[in-house]
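Read off the chains here:
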Amino acid sequence: MSDLGSDYDEEEQGPYLGEYEGERNEKEERHGKGKATLPNGDMYDGIYEHGKRHGQGLYKFKNGARYIGEYKYNKKHGQGTFIYPDGSKYEGNWVDDQRHGYGVYTYPNGDTYEGEWQSHLRHGQGVYTYKDTGTKYVGTWVSGKRDGAGELIHANHRYQGGWIADQPQGKGKYVFDIGCEQHGQYIPVEMPQGGEDDAEEAQTIVVPKWRAGEISAISQYNPAEDGNVGQDVDIELESGDTAEGLGEDEEMQQEGSGDAVPGEGGAEGQDGEAVPAAEGETEATAGEGEENQEGGEDGGDGGEEQTAASPTAEDAEEAD
């Protein structure tokens, strides 16, 4: 869901620049306060400097999108609000026409992300909130995906641990409101996924499985203790255990409460904010000469990213 282009460039589109009403300098360049209706049907009302949008302005796209904020030499730069055709909205900082710095993105389905951005993608510390369930992920993001130390907060329990490439992995713990916690670790397990037709080649997918450990009184969470974040996890299986066998007998459960994070990976669907490019956003493209618009940052479907399930059946259902 990134803007792949920029607003209509009045300097590079030929001699006809559309209709303009406003101030000019001695060189007859658009300079100062002015209003313009561009050849492609877009409209701009704001400040110009030497023929370029520079300063505070309002840009309206003919597809219904609009940007209200700061420009620097025809590019969105500084604080600004972008409202997309599908109703999603980004409020925050821009650098060189991209979401960069601190900002809040509201998806079409009501989910929100508040935190740091880099080159149109969630990157750094941020909070993603699922509107339907109230579940929140608080932690580190890398290039649009959860990666590093994080916490997934549900109504009556939470998961604290490490994430790699948008999936929980390594040591962590579930903390329950009743006053206890369960330690354990998520390990990646390959699962066969073949077609019904014998002619189809069987494929395997990697899913995180929870291997439960001891249950104890609640202790304070320290991300630094999760030394395996970002590293491979070595797990010795008892004699006779197989990857497929690490299921109910081992109290292992697959992460996936059904919550998904829209992504920037293409259209925020895929620019790289889902899922993520799928984080669910669909990119809307403005008309010829216009800036390409995000269609809702990562898709906003809220169905891409999976959340860690509770180690108990009752709590696992809660997230759904």
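Values in this document were obtained by computation on a predicted structure and should not be read as measured data.

Caption draft 1: Representation of the overall build of the chain. Helix and strand content of the chain: 1 helix and 16 strands. Sorting the 320 residues of the chain into buried and exposed places 46% on the buried side. By element, 45% of the accessible surface of the chain is carried by carbon and sulfur atoms, the whole surface being about 15,000 Å².

Caption draft 2: Up close: the side chain of Asp-97. Considering the arrangement of structural elements, one finds Asp-97 in the loop between strand 7 (89-95) and strand 8 (98-106). Within polar-contact distance, the side chain of Asp-97 engages the backbone nitrogen of Lys-76 at 2.8 Å.

Caption draft 3: Focus on the nonpolar core. Ranked by internal contacts, the top residues of the largest apolar core, which has 29 residues, are Phe-82 and Tyr-159. Of all the elements in the fold, those that place two or more residues in this core are strand 3 (43-49), strand 5 (66-72), strand 7, strand 9 (112-118), strand 11 (136-142), strand 13 (157-164) and strand 14 (167-176).

Caption draft 4: Just unusual backbone geometry, in detail. Positive phi outside glycine occurs at Ser-119, with the angle close to 50°. As for its placement among the helices and strands, Ser-119 is situated in the loop between strand 9 and strand 10 (121-129). Overall, the relative accessible area of 37% leaves Ser-119 in the partly exposed class. Despite not being glycine, Asp-166 has its phi angle at roughly 80°, a positive value. Considering the arrangement of structural elements, one finds Asp-166 in the loop between strand 13 and strand 14.

Caption draft 5: Inspection of the confidence of the model for the chain at higher detail. Averaged over all residues, the pLDDT of the chain is 74; the fraction at 70 or higher stands at 62%. With pLDDT under 50 throughout, residues 227-258 is counted as low confidence; its partners more than four residues away or in other chains account for 77 contacts. Contacts of residues 264-320 to residues separated by more than four positions or lying in other chains number 332 contacts, the stretch itself having pLDDT below 50.

Caption draft 6: Local environment of the pairing of strand 15 (residues 180-193). Sheet topology note: the strand 14/strand 15 ladder contains 7 bridges and is antiparallel. The residue of strand 15 that forms the bridge with Val-175 is Glu-181. Here strand 14 folds back onto strand 15, and the loop between the two strands holds 3 residues, one of which, Gly-179, carries a positive phi near 105°. As judged from the 13 bridges shared by strand 15 and strand 16 (residues 203-217), these two strands associate in the antiparallel manner. From the neighbouring strand, Gln-185 faces strand 16, where its bridge partner is Arg-211.

Caption draft 7: Region of interest: the pairing of strand 4 (residues 52-60). Bridge count between strand 3 and strand 4: 6 bridges; the pairing is antiparallel. Looking at the pairing, Met-43 lines up with Lys-60 of strand 4. Connecting the antiparallel pair strand 3 and strand 4 is a turn made up of 2 residues, with His-50 showing a positive phi of about 50°. Where strand 4 and strand 5 come together, 6 bridges link them in antiparallel fashion.

Caption draft 8: Highlighting the packing of aromatic side chains. With the rule as written, the count across this model stands at 31 aromatic pairs. Between Tyr-137 and Trp-141, the ring centres sit 5.3 Å apart and the planes meet at 90°, which makes this aromatic pair edge-to-face. Sitting over the face of the ring of Tyr-137, Arg-146 holds its NZ or CZ atom 5.6 Å from the ring centroid.

Caption draft 9: Just the environment of Glu-116, in detail. Secondary-structure assignment places Glu-116 in strand 9. Distance from Glu-116 to Gly-126, taken between C-alpha atoms, is 5.9 Å for residues 10 residues apart in sequence. Discounting chain neighbours no more than four positions away, the residues touching Glu-116 are Gly-101, Leu-121, Arg-122, His-123, Gly-124 and Gln-125. At 2.5 Å, the side chain of Glu-116 and the backbone nitrogen of Gln-125 are in polar contact.

The rules behind these values
Residues numbered from 1 in each chain as written. Predicted model: local features only at pLDDT ≥ 70, side-chain atom pairs only at ≥ 80, totals over all residues. Heavy atoms only, no water. Helix = DSSP H or I, 4+ residues; strand = E, 2+ residues; numbered from the N terminus. Buried < 20%, exposed > 50% of the residue type's maximum accessible area, 1.4 Å probe, protein only. Areas by Shrake-Rupley, 256 points an atom, 1.4 Å probe, with all protein chains shown as cover. Polar contact = N/O pair within 3.5 Å; in protein donor to acceptor, adjacent residues only side chain to side chain. Core = buried A, V, L, I, M, F, W, Y, C linked by side-chain atoms within 4.5 Å. pLDDT = per-residue confidence, 0-100. Contact = heavy atoms within 4.5 Å. Pairing = 2+ DSSP bridges. Phe/Tyr/Trp six-rings, centres within 6.5 Å; stacked < 30°, edge-to-face > 60°. Lys NZ or Arg CZ within 6 Å of the ring centre and 35° of its normal.

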